[in-house]
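# Remarks on the overall topology
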Amino acid sequence: MKLGVIGYPIKHSKSPIIHQYWMDSYDIQGTYNLIEIKPENFKEEINSLIHNGFDGFNVTVPYKEKIMLYCDDIDDTAKKIGAVNTVIIKNKKLIGMNTDAFGFIENIKSDSKFNFKQKKCLVIGAGGASKAVIYGLIESGVSKILLANRTKEKAENIKNIFGNKIEVINFNEIENYLSSVDLLVNTTLLGMTGQNNLNLSLKNLNKKALVADIVYNPLMTDLLKEAEMQGVEIVTGIGMLLHQARPAFQAWIGIMPDLDKTLQNKVLS
Ligand code: ATR
């Protein structure tokens, strides 16, 4: 198996740790490489992966949208999200898929007792990650998604894609809605090491709500710490990263891998 992850920059990607761990665990011969591609070389580098016998690759920032132009086929989930994070190469053809929504939903399912059906959610952020989260929430049966983003127009664009379950709210009014939501999710990079914090007071938050962050560096973001102080249930972001890798591994190798603490600790260290 010849696999890898493309991006620019790429050196911080944790994907090699995850996929190499599973290849070793399941006794699969293969390599999973970091593949840095400069934007000006994109087309040539993708062609060279095909001609060098790669079986597939993951796609990260900033290429999740660009790679779609080079795919021969794209699954419905990736089309709706508007981004591909996993590519299978078969007979020199590229097949694009998106496993981020699966990763987000599976993480919540495995780390909490949250039941998505008919729930009201508040999603912060309207970038690529937000679309995967929203796709996953709608597929899982939530009834309503309040969507807040600094740049309101991007939230309106997401509403145009996903429809009337979405209600766009003002970024500076999030706190006014917290008493009525069942799930609060941060999909922005706020709270990540080196970035600003979200600076959200959760004192109005519904005490039965679940708070999830997709940031995993640090694992306990300020948002999650504040949620814990309010006594509400939390789900950290590391599981989304681990779970999104599972269907990719399955697509390439035919085995749906299990998660374990050893892998989680390797990725976090
Ligand atoms: P990703 O693909 O990881 O979602 P992205 O598409 O660049 O990354 O989206 C980043 C998200 O973080 C956006 O919702 C962005 O808000 P804008 O659309 O207004 O840019 C949000 N974000 C980044 N920095 C922010 C900040 N300082 N304050 C508020 N939101 C911020």
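Notes on the structure follow.

Quick notes on the rules
- Residues numbered from 1 in each chain as written.
- Predicted model: local features only at pLDDT ≥ 70, side-chain atom pairs only at ≥ 80, totals over all residues.
- Heavy atoms only, no water.
- 1 Å grid on protein atoms, 1.4 Å probe; cavity = no way out; pocket = protein on both sides within 12 Å on 5 of 7 lines; lining within 4 Å.
- Points joined across faces, edges and corners; volume = space filled by probe spheres on them.
- Helix = DSSP H or I, 4+ residues; strand = E, 2+ residues; numbered from the N terminus.
- Nonpolar A, V, L, I, M, F, W, Y, C, P; charged D, E, K, R; others polar.
- Buried < 20%, exposed > 50% of the residue type's maximum accessible area, 1.4 Å probe, protein only.
- Pairing = 2+ DSSP bridges.
- Phe/Tyr/Trp six-rings, centres within 6.5 Å; stacked < 30°, edge-to-face > 60°.
- Near = heavy atom within 4 Å.
- Polar contact = N/O pair within 3.5 Å; in protein donor to acceptor, adjacent residues only side chain to side chain.
- Areas by Shrake-Rupley, 256 points an atom, 1.4 Å probe, with all protein chains shown as cover.
- Salt bridge = Lys/Arg side-chain N within 4 Å of Asp/Glu carboxyl O.
- Axes fitted to C-alpha atoms, helices over the stretch in contact; angles between N-to-C directions.
- Contact = heavy atoms within 4.5 Å.

What follows concerns empty space enclosed by the protein. This structure, assessed with the given rule, holds 1 cavity of 30 Å³ or more. Breaking the lining of the largest cavity down by element, the ones donating at least two residues are α4 (100–111) and β11 (210–213). Classifying every residue of the lining of the largest cavity by side-chain character gives 5 nonpolar, 3 polar and 1 charged.

Here we take up the pairing of strand β10 (residues 183–186). The alternating pattern of β10 places L183 and V185 and L184 and N186 on opposite faces, both of which are buried. Note: strand β7 (residues 120–124) against β10, 4 bridges, orientation parallel. Directly across from I124, in β10, lies its bridge partner N186. Taken together, the 4 bridges between β10 and β11 define a ladder with parallel strand orientation. Note that in β11 the partner of N186 across the bridge is D213.

Turning next to the packing of aromatic side chains. Under the counting rule described, the total for this entry stands at 6 aromatic pairs. With a centroid separation of 5.1 Å and 85 degrees between ring planes, the pair formed by F114 and F116 is classed as edge-to-face. Judged by its relative accessible area of 4%, F116 is buried.

Here we come to the site of the ligand. The environment of the ligand is formed by 13 residues, the closest being A126, N149, R150, T151 and K154. Taking A126, its main chain carries an N or O atom lying 2.9 Å from an oxygen atom of the ligand. T151 places a polar side-chain atom, nitrogen or oxygen, 2.5 Å from an oxygen atom of the ligand. Bound to the protein, the ligand loses 69% of the 640 Å² it would expose on its own. Looking at the shell around the ligand, its residues break down into 5 nonpolar, 6 polar and 2 charged.

Moving on, we get to unusual backbone geometry. That bond from V61 to P62 is cis: its omega, 5 degrees, falls within 30 degrees of zero. Following the sequence through the fold, P62 ends up in the loop between β3 (56–59) and β4 (73–74). In this chain, N217 is followed by P218 through a cis amide linkage whose omega measures 10 degrees. On the secondary structure map, P218 appears in the loop between β11 and α8 (222–229). Even without being glycine, N91 reaches a positive phi, approximately 50 degrees. Relative to the helices and strands, N91 resides in the loop between β5 (86–90) and β6 (93–97). For N91, a relative accessible area of 74% translates into the label exposed. At N199, a position not held by glycine, the phi torsion is positive, near 50 degrees. Take N199: it is sitting in the loop between β10 and β11.

Taken as a whole and judged by the stated rule, the model has 3 salt bridges. Of the charged contacts in the structure, one is a salt bridge between K109 and E106, with a shortest N-O distance of 4.0 Å. With K109 and E106 both in helix α4, this residue pair falls 3 residues apart, about one helical turn. For E106, a relative accessible area of 21% gives the class partly exposed. The shortest N-O distance in the salt bridge between K144 and E167 comes to 3.1 Å. Of this pair, K144 sits in strand β8 (residues 144–148) while E167 sits in strand β9 (residues 166–169), and the two are 23 residues apart along the sequence.

This part takes up the sheet that holds β8. The sheet built from 6 strands is open, its strands ordered β9-β8-β7-β10-β11-β12 with parallel pairing. On the outer flanks of this sheet lie β9 and β12 (233–235), each paired with one strand and no other. In this sheet, adjacent strand axes meet at a mean angle of 20 degrees when their direction is disregarded. Inspection of the sheet shows β8 paired to β9 by 4 bridges, in the parallel sense. Paired with A148 across the bridge in β9 is I169. The strands touched by α4 are β10, β11 and β12; relative to β12, the strand with the most contacts, the crossing angle is about 140 degrees. Packing against the sheet, α8 makes contact with β10, β11 and β12, and its axis sits at approximately 165 degrees to β11.

None of this, on its own, says anything about what the molecule does.
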